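Architecture and fold: a report
Letter by letter, the chains look like this.
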Amino acid sequence: MSNDSNPVQFELTPGGHLNGQLRVAGDKSISHRAIMLSAIAEGESNITGFLEGEDTLATLAAFRTMGVNISDPKDGKVTVQGVGMHGLQAPDTALDLGNSGTSMRLLSGLLAGQDFAVTLTGDKSLSTRPMRRVTDPLALMGATIDSTETGTPPLCIQTGSQLNSIAYTLPMASAQVKSCVLLAGLYAKGETCVTEPAPTRDHTERMLQGFGYQVQREGSRVCLQGGGRLSGMDIDVPADISSATFFMVGAAIASGSDVSLEHVGINPTRTGVIEILRLMGADISLHNEREVGGEPVADIQVRASQLRGIQIPEAQVPLAIDEFPAIFIAAACAEGETVLTGAEELRVKESDRIAVMADGLTVLGIDCQVTDDGIIIQGGQLQGGTVNSHGDHRIAMSFAMAALRAKAPIKILDCANVATSFPDFVTLAKTAGLGIQIS
Ligand code: S3P
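Conventions we followed
Counting restarts for each chain, with residues numbered from 1 along the sequence as it is written. Given that the model is predicted, a residue must reach a pLDDT of at least 70 before its local features are reported, and side-chain atom pairs must reach 80 or more before they are shown or counted; all residues, however, enter totals for whole chains, interfaces and linings. Side-chain numbers here rest on the full set of heavy atoms in the structure, without hydrogens or water. Two rings belonging to Phe, Tyr or Trp (six-membered ring only in the last case) form a pair when the distance between their centres is within 6.5 Å. Interplanar angles under 30 degrees mark stacking, angles over 60 mark edge-to-face geometry, and anything in between is tilted. Note on conventions: DSSP H or I runs of at least 4 residues are helices, E runs of at least 2 residues are strands, and numbering of each starts at the N terminus. Here the term buried applies to any residue with accessible area under 20% of the maximum for its type, exposed to any over 50%, and partly exposed to those in between, with areas from a 1.4 Å probe on protein chains only. By convention in these notes, a residue is near a molecule or strand provided one of its non-hydrogen atoms lies within 4 Å of it. The definition of a polar contact used here is a pair of N or O atoms within 3.5 Å, where within protein one atom must be able to donate a hydrogen and the other to accept one, and adjacent residues in sequence count solely through side-chain atom pairs. Each accessible area value is a Shrake-Rupley result obtained with a 1.4 Å probe; residue values ignore everything except the protein chains displayed when judging cover. Only Asp, Glu, Lys and Arg are considered charged, only Ala, Val, Leu, Ile, Met, Phe, Trp, Tyr, Cys and Pro nonpolar, and every remaining residue, Gly among them, polar. Each domain's limits were defined by an automated method or a database of domain assignments. UniProt positions are given in the numbering used here, feature names are shortened, and annotations may be inferred rather than shown by experiment. Note on contacts: a residue pair qualifies if any of its non-hydrogen atoms lie within 4.5 Å across the two residues. Side-chain atoms within 4.5 Å link the members of a nonpolar core, which is a set of buried Ala, Val, Leu, Ile, Met, Phe, Trp, Tyr and Cys residues. Simply put, the buried area is the total loss of 1.4 Å probe accessible area from both parts when two parts are fitted together. We define a salt bridge as a contact between a side-chain nitrogen of Lys or Arg and a carboxyl oxygen of Asp or Glu at a distance within 4 Å. Note on pairing: DSSP must find at least two bridges between two strands before they are called paired. Between the N-to-C directions of two axes lies an angle of 0 to 180 degrees, each axis being a line fitted to C-alpha atoms and, for a helix, fitted only over the stretch in contact.

Right, let's talk about the packing of aromatic side chains for a bit. Scanning the model with the defined rule gives 6 aromatic pairs in all. Ring geometry for Phe246 versus Phe425: centroids 6.2 Å apart, planes at 75 degrees, classification edge-to-face. In this pair, Phe246 sits in helix 7 (residues 241-253) while Phe425 sits in helix 12 (residues 425-432), placing the two residues 179 residues apart along the sequence. Like Phe246, the residue Phe425 is buried in the burial classification. Three or more aromatic residues joined by ring pairs form one cluster here, namely Phe10, Phe246, Phe247, Phe422 and Phe425.

Below you can see the structure in the form of structure tokens.
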């Protein structure tokens, strides 16, 4: 949904290729969790590689409002003075989480366990996103959270009594919901368990363990005991594979490209995009694989190659959930048909990513057919034109990369929200060779 107060458009010149060694923005999911867990830990935590984007800064601001002393982020470095599990203070205003679904869903769990009331609000887009997926399990744990009649924000979390633990089976594959329940579980009596229908990103579980909190994982089930404590630590946030994706796709589709993306998180719950692009014939190699603070990291090299359309394996969908707008651009440049199924979650992201991408691809001359749970895209020749990102950061950046293979200029409307996840995108993309201007 659009960010009307701050109109930003991207203007792209067609053609070109991408080259060079790039370090993309810090991982958004890990940056959020780094602030949240450091805030309720005992002692100091030093974060490096922190994403200074609007979403993660909204999380940071929320904890400052609740009395946590957090340094001003500078070059990705942030120091958090943890207040311990019960040291957060009642905020004197509602917490405005902007565009950030992760902030709202994870904080609703963490704050359901506090002994004060708090209201969570967001921008136009966040205010339309479904929150029953978090308020339902939290109600089962004994929390009282009011939302609108349709289950959207604002969320008013009432001062609660002691939370009960639950064994919860997620109705959809969602790391945000899993994390919400686990964070509430920290404050619940007894053992809280979450079972997921398919693997989703496990940064919360990994980071809790890093902070010294015991988490049991067995197959699709994760459990923890409430009432423990976290000890402050140093966190090195890797570059975000979701931000690297735009450059991976750009390099894969534009002949003559060769990019190396440095220090990228390759947690197996996030690497669906590598799997899917390789199935399409992309030339991707991983170098210097290593582990940093409990998260696997590598440098990712991508060279241009002819891509082919595929049936995307459904098991890969949750592992590439944020990467589909960019994957659709790869599909538009591939030979033949690409079919995506099992991806209805895309309809409730920052925009309806199936509908908005289909509209933009159609404007650019690509034949595609929307289905209930996915899309069918026929590879073809991208033309120029004006597409509307509807304020969705990942859609704006995906269509920017499409220009590498377009016949004529592309204009992208409503791009201000790129700053939520990747504030340096335009600078970095220009450095790599993309003909992009802001207007
Ligand atoms: C996220 C989980 C995903 C993803 C979002 C970040 C997280 O959402 O789309 O951008 O940090 O846990 P779902 O878990 O709702 O699929």
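That was the structure; now back to the text.
Time to look at the site of the ligand. Surrounding the ligand, one finds Ser29, Arg33, Thr102, Ser174, Ala175, Gln176, Arg201, Ile321, Asp322 and Lys349. A distance of 2.7 Å is found between an oxygen atom of the ligand and a side-chain nitrogen or oxygen belonging to Ser29. The contact in question runs from an oxygen atom of the ligand to an N or O atom on the side chain of Asp322, over 2.6 Å. Protein contacts shield 96% of the accessible area of the ligand, which totals 380 Å² for the unbound molecule. Contributions of two or more residues to the shell around the ligand are made by helix 1 (28-39) and helix 5 (175-185). Its residues placed into classes, the shell around the ligand shows 2 nonpolar, 4 polar and 4 charged. When we break the shell around the ligand down by domain, the ones giving at least three residues each are domain 1 (10-26 + 238-438) and domain 2 (28-236).

Below, the discussion takes up the UniProt feature "binding site: 3-phosphoshikimate" (unreviewed entry) in the protein chain. Sequence positions flagged by UniProt for "binding site: 3-phosphoshikimate" (unreviewed entry) are, in local numbering, Lys28, Ser29, Arg33, Ser174, Gln176, Asp322 and Lys349. In this structure, Asp322 sits in the loop between strand 19 (295-303) and helix 9 (324-332). What Asp322 contacts, discounting residues up to four positions off in sequence, is Arg201, Ser242, Lys349, Arg353 and Arg394. At 3.3 Å, the side chain of Asp322 and the side chain of Arg201 are in polar contact. For Lys349, the location among the structural elements is in the loop between strand 20 (337-340) and helix 10 (353-363). Among residues more than four places away in sequence, those in contact with Lys349 are Arg129, Ile321 and Asp322.

We now examine the nonpolar core. Ranked by size, the top nonpolar core spans 87 residues in total, and within it Phe10, Phe247 and Phe425 carry the most contacts. It is helix 7 that provides the largest number of residues to this core, a total of 9 residues. Excluding its chain neighbours within four sequence positions, the residues that come into contact with Phe425 are Phe10, Phe246, Phe247, Met397, Ala400, Met401, Val418 and Ile436. The next biggest cluster of nonpolar side chains, apart from the first, holds 66 residues, and it includes Val68, Leu97, Leu155 and Leu208.

Before going further, it helps to spend a moment on helix 8 (residues 272-279). Those residues of helix 8 that fall on the buried side of the exposure criterion are Gly272, Val273, Ile274, Ile276 and Leu277. After helix 8 finishes, the residue Gly281 shows a positive phi value of roughly 100 degrees.

Moving on: the domain arrangement of the protein chain. Taken domain by domain, the protein chain comprises domain 1 (10-26 + 238-438) and domain 2 (28-236). Computed over C-alpha atoms, the centres of domain 1 and domain 2 are 28 Å apart. Contact with domain 1, which involves 29 residues of that partner, is made by 25 residues of domain 2. For the pair domain 1 and domain 2, the two sides together bury roughly 2,200 Å², of which 46% comes from carbon and sulfur. Looking only at domain 1, the three residues that lose the most surface to domain 2 are Arg270, Glu350 and Thr420, adding up to 22% of its buried area. Linking domain 1 to domain 2 there are 3 salt bridges. The partner of Glu345 in a salt bridge is Arg133, with the nearest N and O atoms 2.8 Å apart. The interface formed by domain 1 and domain 2 holds 14 residue pairs in polar contact (both at pLDDT 80 or more) in total. Contributions of two or more residues to the side of domain 1 that touches domain 2 are made by strand 19 and helix 11 (393-402).

We now examine the sheet that holds strand 25 (residues 436-438). The strand order 23-24-1-25 describes an open sheet built from 4 strands, whose pairing is mixed. Looking at strand neighbours, the two that pair on one side only are strand 23 (385-388) and strand 25, the edges of this open sheet. With strand direction ignored, the average angle separating the axes of adjacent strands in the sheet is 20 degrees. Alignment of strand 1 (residues 10-12) against strand 25, held across 3 bridges, turns out to be antiparallel. Looking across to strand 25, one finds that Phe10 is bridged to Ile438.

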